There are 2 protein chains.
Amino acid sequence: MGGPKEIQRQTGVALWRQIADRIRASINHGDFDATGMVPPETVLAQQFGVNRHTVRSALAALGQEGVVRAVQGRGTLIERKERLNFPISKRTRFSQGIGDQVRETRGLLLALAEEPASAEVARWLKLSEGTGVIRFETLGTADQRPVSRATSWFPGDRFAGIGEAYRKTGSITKAFREMGLLDYIRAMTEISAVHAEAGDIADLELSPGAIAMVTRALNIDLSGVPVQYSISRFAADRVQFTIEN
Amino acid sequence: MGGPKEIQRQTGVALWRQIADRIRASINHGDFDATGMVPPETVLAQQFGVNRHTVRSALAALGQEGVVRAVQGRGTLIERKERLNFPISKRTRFSQGIGDQVRETRGLLLALAEEPASAEVARWLKLSEGTGVIRFETLGTADQRPVSRATSWFPGDRFAGIGEAYRKTGSITKAFREMGLLDYIRAMTEISAVHAEAGDIADLELSPGAIAMVTRALNIDLSGVPVQYSISRFAADRVQFTIEN
DNA sequence: GAAAATTTGTCCGTATGTATT
DNA sequence: AAATACATACGGACAAATTTT
């Protein structure tokens, strides 16, 4: 396909938008399946008979959609996506819910600290502000792909040593069990969506402009005492949530 | 603040990124509260000592974040955002949940049609594929701002005439009541986030690159019979969802 | 391992179109 | 009608990252 593709000027539809639509269609049609990449910008520019910058605008739009991901020096990769489903219920656990969808799930402890509770953390954990809490920074992966980046807080007195337990097991549920907490309940989950920030892009291997779904969740024990408050940031193009009532 | 602002070249951080960060900071600092708008691109370009296109890259990034919204011929408006909270539970209803957060909520019926059920709709409503269903296209607004754009399907035989009832009342709950269905339950809700498509941008008054949260939900009556399946698209920067267990 | 080629990223400059004031 | 302001498109130059030679 050497000749210039049929895109039209002065129609009220911007060239970059027409080109983006055509490239998306080609991707969906499987034209680039051999390489998994879009042709170089210079090649596309020549094929469409436009300036390279116009092609870049088109690819930028597709990047925002999550259809492609540009890598400097390498090329523009086509993103394949299968979404993991996270069921949210009283029994919500990270690894359990998606256990049947992937081969391997892991929780990696990035950082662990003991600190005084902020006003927000204290409110959710029903502690006095400044009480000692344990903070986890964890990365959730499924099949070697990062899926979520979470910050969790636990009451410090009750769960001293939970860091070790988590390192050993790679699971909050199992760590709780080692600490004598046999069961817990998801009391509240809040979900919103934002544009990925620099930290998300690094931790979750996202492209700039990607979407992060942010959840704030509270877990309580069977007598209603808060045991974990966490803020998680998910790679939006790799997950969805379901609530079954 | 007349002179050129301090942005640095050759630091490994792109000029447009530095400028975006500075403009965001100025907005948060309230520097532009008088007009509610960012200064014109040409002015910013001069202030920062860069080309207008570099400023445009910065503003485009802020547009993606939802911080600003450019309007051709007018200027670049600063977006104020207060997020509406949508509780999701067995008793989930659009207007009820957010009733205490806004002064006025409305549901507007954009389109109404009777059609044969697609495979997907039939599966959720537990009908045979091709059975007659009623399709609603509705726009949800809160305080004159569009919040959600929903497509809903109802079993055609049971709810013939529901369009009229909805037009009169502006509420699904009340329309159901007029049809003799006094109560219903939210059985399932699925939440994901995507980049807004052209339709979202038009209906929800979003900027290109904004985020849409997509929910798929099923309502059933008290004996478990499906009464409504709907796919809704929310302006992500105006909403959040909470699940209370 | 080093050099060259390839490919995307950033920035500037200019011109013209389109929408609003 | 004119001025203002954003939108699109082109052209060039160089930087940065990766792959190939």
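Residues numbered from 1 in each chain as written. Chains lettered and ligands numbered in written order. Predicted model: local features only at pLDDT ≥ 70, side-chain atom pairs only at ≥ 80, totals over all residues. Heavy atoms only, no water.

Peer 1: Is there a simple way to explain the interface of chain A and chain B in this structure?
Peer 2: Where the parts come together, the accessible area they lose is often given as the size of the interface. The interface is formed by 29 residues belonging to chain A together with 28 residues belonging to chain B. A buried area of about 2,400 Å², summed over both sides, lies between chain A and chain B, and 55% of it is on carbon and sulfur atoms. When residues of chain A are sorted by the area they lose upon contact with chain B, His195, Ile243 and Asn245 of chain A head the list and together hold 27% of the total. Joining chain A to chain B, the criterion identifies 0 salt bridges. Joining chain A to chain B, the criterion identifies 8 residue pairs in polar contact (both at pLDDT 80 or more). Of all the secondary-structure elements, those providing two or more residues to the side of chain A that touches chain B are helix 3 (52–65), strand 8 (184–195), strand 9 (211–221) and strand 11 (239–244) of chain A. By residue number, the principal contributor to the side of chain A that touches chain B is strand 8 of chain A, which donates 10 residues. Of the residues assigned to the side of chain A that touches chain B, the class counts are 13 nonpolar, 10 polar and 6 charged. As paired strands, strand 11 of chain A and strand 8 (residues 184–195) of chain B are joined by 4 bridges and run antiparallel to one another. (Contact = heavy atoms within 4.5 Å. Buried area = accessible area lost by both parts, 1.4 Å probe. Salt bridge = Lys/Arg side-chain N within 4 Å of Asp/Glu carboxyl O. Polar contact = N/O pair within 3.5 Å; in protein donor to acceptor, adjacent residues only side chain to side chain. Helix = DSSP H or I, 4+ residues; strand = E, 2+ residues; numbered from the N terminus. Nonpolar A, V, L, I, M, F, W, Y, C, P; charged D, E, K, R; others polar. Pairing = 2+ DSSP bridges.)

Peer 1: Would you take a moment to explain the domain arrangement of chain A for this structure?
Peer 2: According to the domain assignment, chain A consists of domain 1 (4–78) and domain 2 (84–243). Taking only C-alpha atoms, the centre of domain 1 of chain A and the centre of domain 2 of chain A are 38 Å apart. (Domains from an automatic or database assignment.)

Peer 1: Help me understand the protein's contact with DNA strand D in this model?
Peer 2: Residue and element names in this part refer to chain A. Lining the immediate surroundings of DNA strand D are 23 residues, of which Arg9, Leu15, His53, Thr54 and Gln72 lie closest. Of everything in DNA strand D that lies within 4 Å of the protein, sugar and phosphate atoms constitute 68%. Separating a phosphate oxygen of DNA strand D from a side-chain N or O atom of Thr54 is a distance of 2.2 Å. A distance of 3.2 Å separates a phosphate oxygen of DNA strand D from a polar side-chain atom of Arg74. (Near = heavy atom within 4 Å.)

Peer 1: Could you clarify how one ought to interpret the side chain of His195 of chain A in this entry?
Peer 2: Secondary-structure assignment places His195 of chain A in strand 8. Note on His195 of chain A: relative accessible area 10%, which makes it buried. Not counting residues within four places of it along the chain, the set of residues in contact with His195 of chain A comprises Gly209, Ala210 and Ala212 of chain A together with Gln64, Glu65, Gly209, Ala210 and Ile211 of chain B. (Buried < 20%, exposed > 50% of the residue type's maximum accessible area, 1.4 Å probe, protein only.)

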